[in-house]
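# Coordinates in review
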Amino acid sequence: MNPDLLDRRSSESCLRTSAAGTDDDLSVVALVGPDDAATPLALRLDGTAIRVRGYIAPSLVVRPGRLLLTEASLAPCQLCGNIHGVPVGLQIEPSALPEADIAMHEPVDVSGILRLGSPDDAEAGAAREIVLLDATILRCRQPGPAAGFEARHWLRRFLEDRSSPAVHRRPIRSAPPVTGAGPADTILTNGTVRTVDEAFTAAEAVAIREGRFIAVGSAQEVATHAGPDTEIIDLDGRAAVPGLIDSHIHQFYLGLNLPTVQLLDARSVADVQARIAERASETPSGEWIVGTSGWHESLLAEGRLPTRWELDEAAPDNPVIVPRGGHVVTVNSRALERAGITDDTPDPTGGVIVRDPDSGEATGVLLETAAYFARRVAPLIPPEDEMADLLKAAMKELNSYGVVSVTDPVIDETSISVYRRLRDEDAITVRSELLYKAADRAGTERGIAAMQAETSDDLLCFAGIKFMLDGGVEGARLREPYRIVPGEQPHADYRGLLMTPPGGEEEFVDCLRLVAEAGLQAQTHGVGDEAIDVIVRCYATVAEDLPIADLRWTLMHVFLPTDEAIETMRRIGVLATVQDHPVLLGHNQRRWWGDERAAAAIPIRRLIDSGLLVGGGTDGPVVPVDPFLSMWWMVTRGTLMGYKLGEDQAIGAAEALKLYTINNARIMGVEDERGSIEPGKLADLAVLSQDIVEVDADEIRNTRALLTMVGGKVVHRDGM
């Protein structure tokens, strides 16, 4: 942020700071300017004792013990571990650890000696190093900096000064009547067309013209729409269904994940080592090797993550990081060194550095916020050209499963730019609804501004804001403590993370009000029972004053909801999306939560029977992106470990198909355009290798998409 934005009073306040210190606090942006360059004020204060107010985060500089002080509170992405839109920061080297744990969203006062590196120490064109030495970190009792300037206040004023922009959320509308005349462009006939209309009708054929369905019915009826140039596709008895919709999948990150070392089919630590070693053989010494996040250690014969020493054997000359989902990583010794983690590094708040129970050495396994320290020094996202190619590849991957539409729930300015680029190039093959991830009021304001600055259409919709109030299986906020897991979770009173904004529930309600006033959708990640209660309570508070039902506000994941939370959701019109996490994560649900809570998790049958609208998804690439694996889990409650969890919460195959089609369209607010095969709707459909409504439940997971169409255009064909 440009230091010229500092107002005169703030600058004068900064200048009054002396070596002895005063009651005035400097802001980070008063010292660190664009491109991490020292400001004129920092140059004048070099070598003096100062006090700065800000927020603590792990350092972007690879140096043990060094932290970063940032102007605004930051939260690591629980999917990729990075901070999106990292601002400038001041490096600090504490003389000792704080007496009390300091959270990354908690403002702190830091005093120390400002030291600027010599210009001769910097590489050509690089900024001089700016460090606060011998720093003392104190918890701040005030809500924000005492100086007159603070980033989120400036942003709020900036937004308030603008004239109120129009809300760009696409209005809910009825499907347009089929107009015009002429033959169909395409007819699919001689099959079983599962329309998923109100009566769940089965038809024989469907006709498409100009990207929309124009007729659905018997083969004879639909044949009347054929012309000399109509393409006739013989289904040969196969089933066609509405194009599948995944209401929670990290499509952008799926693209970034494609080049990583794939491990889903690994069945032993030796298998993992072999795949890492193969990648190491073609990777220059010192460069990172990154594993896929979509796998689970329970699939290995050893039933555990590989250790640093085992990864060292596979890649002794490269730092290695292997994520598992969005909340756990295992790394080798070179990666630990780059992350600044030693055997003596204490566990961060909300995280665990797993240690050998006998020697006390760090094993390389890092849980929740501890994983963030390694992720922050891992490879950054690639250039935009490469990201665009990877996003296109991710869409093609999803098309191959019959997926035509998704909600991508972790979006920032960078990914928005890439999505916009694909639309400009007419390269989008998966209709994408985007949610900007925010962690506090400032992020919410920034997200709303980003959403309102864009234009939505049928291919790309800037839908709303995503919040995250707890972690995954290892970090869900529970009312009752977790089980002790030897070598992994040693704390008898551990109950997971509650990640409300710095101002607690009050600030979260403020964030939600901003979203409602902007006419946008809010979706919030909630896994543990206590976190879900907080989310639902805050939703209900906003609903007392502002209508939210038509905005399709949603609770994501819904692992352990109480009956009271479900009833409140039903009463105020909150929707739910569920994903098949237990197919991989059931192993840790049982070990960390116990069998009873593990089996009760994601109670789909109870949610539907309570009157809630429920949509389905995968949360890929945290788990495999295969929608048929997800529907198999919904119907059988099976896991890839071979056992079932919570069979009483299973639903029927027809219900599972609804969750992946019309229900998800309703959650997105596009049910009059998508989600079923009916005249007037967009011609999105998938032809399947088998009729998932009729086959044996255990066979659903073996289904393939043979043909996928988006707006009447074939985007995938394999086997027909």
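Below you will find a few notes about this structure. Here the residue numbering is sequential within each chain, running from 1 through the sequence in written order. Only residues with pLDDT of at least 70 get local features here, since the model is predicted, and only at 80 or more are side-chain atom pairs given and counted; chain-wide, interface and lining totals rely on the full set of residues. To obtain the side-chain values, all non-hydrogen atoms of the structure were included, while hydrogens and water were left out.

### Details of unusual backbone geometry
Put simply, the test is: Helix numbering and strand numbering both begin at the N terminus, where a helix is a DSSP run of H or I of at least 4 residues and a strand a DSSP run of E of at least 2.
For the bond running from G620 to P621, omega is 0 degrees, close enough to zero to count as cis. By the secondary structure assignment, P621 is in the loop between strand 26 (614–617) and helix 20 (627–636). Unusually for a residue other than glycine, H557 sits at a positive phi of about 80 degrees. Among the secondary structure elements, H557 is positioned in strand 24 (residues 554–557). Unlike most non-glycine residues, R637 shows phi in positive territory, near 60 degrees. By the element assignment, R637 lies in the loop between helix 20 and helix 21 (653–659).

### Focus: the sheet that holds strand 26
Our working definition: Here, strands pair whenever DSSP counts at least two bridges between them. Only the stretch in contact is used when a helix axis is fitted, and all axes are lines through C-alpha atoms; the angle between N-to-C directions ranges over 0 to 180 degrees. We call two residues in contact when some of their heavy atoms are within 4.5 Å.
Strand order in the open sheet formed by eight strands is 14-20-21-22-23-24-25-26, with parallel pairing between adjacent strands. Lying at the two open borders of the sheet, with one neighbouring strand each, are strand 14 (244–246) and strand 26. Each strand of the sheet is rotated relative to its neighbour by a mean of 25 degrees, with strand direction disregarded. In this sheet, strand 21 (residues 431–437) lies alongside strand 20 (residues 403–411) in parallel orientation, the contact comprising five bridges. In the sheet register, T407 faces strand 21, and the bridge partner there is E433. Of the strands in this sheet, strand 21 and strand 22 (460–468) are in contact with helix 13 (residues 441–452), which crosses strand 22 at around 170 degrees. Against the sheet, helix 14 (residues 504–517) makes contact with strand 22 and strand 23 (521–526), and its axis sits at roughly 170 degrees relative to strand 22, the strand it touches most.

### What to know about the nonpolar core
As a reminder of what qualifies: What makes a nonpolar core is a set of buried Ala, Val, Leu, Ile, Met, Phe, Trp, Tyr and Cys residues whose side-chain atoms join them at distances within 4.5 Å. Only protein chains enter the accessibility calculation, which uses a 1.4 Å probe. A residue is then buried if its area is under 20% of the maximum for its type, exposed if over 50%, and partly exposed in between.
Residues I276, F467, L512, W553, W593, M631 and M634 are the most contacted members of the largest nonpolar core, which totals 129 residues. In terms of residues, this core owes the most to one element, helix 15 (residues 529–543), which gives eight residues. Ranked by size, the runner-up nonpolar core spans 23 residues in total, among them V28, L45, I56 and I137.

### Considerations on the environment of R421
In this fold, R421 is placed in helix 12 (residues 413–424). Judged by relative accessible area, which is 24%, R421 ranks as partly exposed. Along the sequence, R421 and E384 sit 37 residues apart, while their C-alpha atoms lie 9.4 Å from each other. In this view, R421 contacts E384, D385 and A388; residues no more than four positions away in its chain are not counted.

### Digging into the sheet that holds strand 12 (residues 231–234)
On the basis of which strands lie adjacent, the open sheet formed by four strands has the order 11-10-7-12 and mixed pairing. Because the sheet does not close on itself, it has two edges, and the strands there are strand 11 (212–217) and strand 12. Each adjacent strand pair in this sheet contributes to an overall mean axis angle of 15 degrees, direction not counted. Taken together, the four bridges between strand 7 (residues 186–189) and strand 12 define a ladder with parallel strand orientation. Pairing of T186 across the sheet is with E231, part of strand 12.

### Quick notes on the side chain of E530
As a reminder, the rule being used: For the purposes of these results, a polar contact is taken to be a pair of N or O atoms within 3.5 Å, where, inside protein, one atom must be able to donate a hydrogen and its partner to accept one; residues adjacent in sequence count only when each atom of the pair is a side-chain atom.
With respect to the secondary-structure elements, E530 resides in helix 15. Taking relative accessible area as the criterion, E530 reaches 14% and is therefore assigned buried. Among the polar contacts made by the side chain of E530, one reaches the side chain of R495 at a distance of 2.8 Å. Every residue in contact with E530, bar those within four places of it in the chain, is listed here: R477, L478, R479, R495 and L498.

### Looking at the packing of helix 15 against helix 16 (residues 563–572)
Two quantities define a packed helix pair, namely the angle between the axes and the distance from one axis to the other. Note the following rule: For this classification, under 35 degrees means roughly parallel, over 145 means roughly antiparallel, 65 to 115 means roughly perpendicular, and everything else is oblique. With the far helix as reference, a near helix turned anticlockwise by less than a right angle produces a left-handed crossing, and one turned clockwise produces a right-handed crossing. Amino acid classes used here: Ala, Val, Leu, Ile, Met, Phe, Trp, Tyr, Cys and Pro are nonpolar; Asp, Glu, Lys and Arg are charged; the rest, including Gly, are polar.
Running from N to C, helix 15 and helix 16 cross one another at 25 degrees; their axes reach a closest spacing of 10 Å. By the angle class used here, helix 15 and helix 16 are roughly parallel. As for how helix 15 packs across helix 16, the hand of that crossing is left-handed. Contacts between helix 15 and helix 16 involve I532, D533, V536, Y539, A540 and A543 from the first element and A565, T568, M569 and I572 from the second. Grouping the amino acids of the contact of helix 15 with helix 16 by side-chain chemistry returns eight nonpolar, one polar and one charged.

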